[in-house]
Amino acid sequence: MIRKWTESLSDENHKGIEYAPSPDLLLREDPTEILPQDITAVQEMMSQFLVQKREHLATWFAQEMSQTAYELPKAPEAEVYAPSQVQTLLQQGHPLHRLMGLRMLHIGNRYFVNGEPLDSDHADAWNILARHRMIDGQMLIKFINDPDFISELTLLMNQGYWYFSSVKKD
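Computed from a prediction, not measured in an experiment: that's the story for all the values here.

A.B. asks: Any chance you could explain the pattern of salt bridges here in plain terms?
C.D. replies: The tally for this structure, following the rule as stated, stands at 1 salt bridge. In this structure, R110 and E55 form a salt bridge, with 2.1 Å as the shortest nitrogen-oxygen distance. With R110 in strand 3 (residues 110-113) and E55 in helix 3 (residues 54-66), this pair connects stretches of sequence that are 55 residues apart. By relative accessible area, which is 28% here, R110 ends up partly exposed.

Written out as structure tokens, the structure is:
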């Protein structure tokens, strides 16, 4: 886990930390010896770095934990939906299913779906989708008429993460 996080830091060009030996190193009787206080100094420096990078660590952790370790199966009867179709099907009470194995996690109001951040202001709706494998339109009733939410949901559905089962196209 530590290796993966540090790799993510280097991928994002985060400024690392540099160790400067103690100024009294050359004054020591044996300048080749690493003393306990040297290790303590490095440990404190790394602890400060972790504090400074807490936000990055939180985001990385949510992305890492929400990403499945294997390829997700395709949604049954996967099809491309228009936002108006999704809205209508939810209003008609068709159940919406989450793809088996899909992970959706959140930190506060920031949601992550299969390792990807979800930029949205609809935390209450995403919380419902994160907690339930199957959803009926009534559970999302207060969001069904929100075009931004329906567009975001449709995008995720068209990626195969959620799907309607047994819907006959006209």
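A.B. asks: Explanation requested: the environment of Q87 in the structure shown.
C.D. replies: Tracing the sequence through the fold places Q87 in helix 4 (residues 83-91). For Q87, a relative accessible area of 23% translates into the label partly exposed. Separated by 58 residues in the primary sequence, Q87 and N145 place their C-alpha atoms 7.4 Å from one another. Dropping the residues within four chain positions of it, Q87 is found in contact with I144, N145 and I150. One polar contact links Q87 to N145, side chain to side chain, over a distance of 3.2 Å.

A.B. asks: Honestly, the packing of helix 5 (residues 123-131) against helix 6 (residues 147-158) in this entry has me stumped. Any pointers?
C.D. replies: When two helices pack together, their arrangement is given by the angle between the helix axes and the distance between those axes. Running from N to C, helix 5 and helix 6 point in directions that differ by 30°, and their axes come no closer than 11 Å. When the axis of helix 5 is compared with that of helix 6, the two are roughly parallel. The handedness of the crossing between helix 5 and helix 6 is right-handed. Facing helix 5, whose interface residues are A125, W126 and L129, helix 6 presents F149, E152, L153 and L156.

A.B. asks: I keep staring at the sheet that holds strand 3 and nothing clicks. Help me out?
C.D. replies: Backbone-to-backbone hydrogen bonds pair the strands of a sheet. The strands run either parallel or antiparallel. Across the sheet, 3 strands lie side by side as 2-3-4; this open sheet has antiparallel pairing. Either end of the sheet is taken by a strand with one partner, and the two such strands are strand 2 (104-107) and strand 4 (116-118). Strand-to-strand twist in this sheet, taken as the mean axis angle between neighbours without regard to direction, amounts to 30°. Where strand 3 lies against strand 4, 3 bridges are found, and the strand directions are antiparallel. Across the sheet, residue F112 finds its bridge partner in strand 4, namely P117.

A.B. asks: Looking at this structure, I do not really get helix 6. What am I missing?
C.D. replies: Turn by turn, an α-helix covers 3.6 residues, leaving residues three or four places apart pointing in a common direction. Look at helix 6: 16 Å from first C-alpha to last across 12 residues, which is about the 16 Å you get at 1.5 Å a residue. Burial in helix 6 covers these residues: F149, I150, E152, L153, T154, L156 and M157. Between the side-chain oxygen at the start of helix 6 and the backbone nitrogen of D148 there is a gap of 2.9 Å, and the oxygen is on D146. Trailing helix 6 by a residue or two, G160 shows a phi angle of about 90°, which is positive.

A.B. asks: Would you explain the packing of aromatic side chains in this entry?
C.D. replies: What the rule picks out here adds up to 3 aromatic pairs. Centre to centre, the rings of F143 and F149 are 5.8 Å apart; their planes meet at 50°, and the pair counts as tilted. A relative accessible area of 0% means that F149 is categorised as buried. Taken together, the ring pairs in this structure connect W126, F143 and F149 into an aromatic cluster.

A.B. asks: So what exactly am I meant to see when it comes to a nonpolar patch on the surface here?
C.D. replies: Taken together, M1, F61, M65 and L105 make up a surface patch of nonpolar side chains, about 360 Å² in accessible area. Looking at the secondary structure, you find F61 in helix 3. Overall, F61 belongs to the partly exposed group, its relative accessible area being 39%.

A.B. asks: Got a minute to help me understand helix 4 in this structure?
C.D. replies: Within helix 4 the residues assigned to the buried category are V86, L89 and L90. Buried residues along helix 4 cover an arc of 100° about the axis, so they all sit on one side. Turning to helix 4, the residues buried within the fold contact strand 1 (96-98), helix 6 and strand 6 (162-164). One or two positions beyond helix 4, positive phi appears at G93, with a value near 90°.

Procedures and definitions
- Residues numbered from 1 in each chain as written.
- Predicted model: local features only at pLDDT ≥ 70, side-chain atom pairs only at ≥ 80, totals over all residues.
- Heavy atoms only, no water.
- Salt bridge = Lys/Arg side-chain N within 4 Å of Asp/Glu carboxyl O.
- Helix = DSSP H or I, 4+ residues; strand = E, 2+ residues; numbered from the N terminus.
- Buried < 20%, exposed > 50% of the residue type's maximum accessible area, 1.4 Å probe, protein only.
- Contact = heavy atoms within 4.5 Å.
- Polar contact = N/O pair within 3.5 Å; in protein donor to acceptor, adjacent residues only side chain to side chain.
- Axes fitted to C-alpha atoms, helices over the stretch in contact; angles between N-to-C directions.
- Parallel < 35°, antiparallel > 145°, perpendicular 65-115°, else oblique.
- Left-handed = near helix turned anticlockwise from the far one by under 90°.
- Pairing = 2+ DSSP bridges.
- Expected span 1.5 Å × (residues − 1).
- Phe/Tyr/Trp six-rings, centres within 6.5 Å; stacked < 30°, edge-to-face > 60°.
- Patch = residues over 30% accessible without salt bridge, like charges linked within 9 Å, V, L, I, M, F, W, Y side chains within 5 Å.
- Areas by Shrake-Rupley, 256 points an atom, 1.4 Å probe, with all protein chains shown as cover.
- Arc of directions from axis to C-beta.

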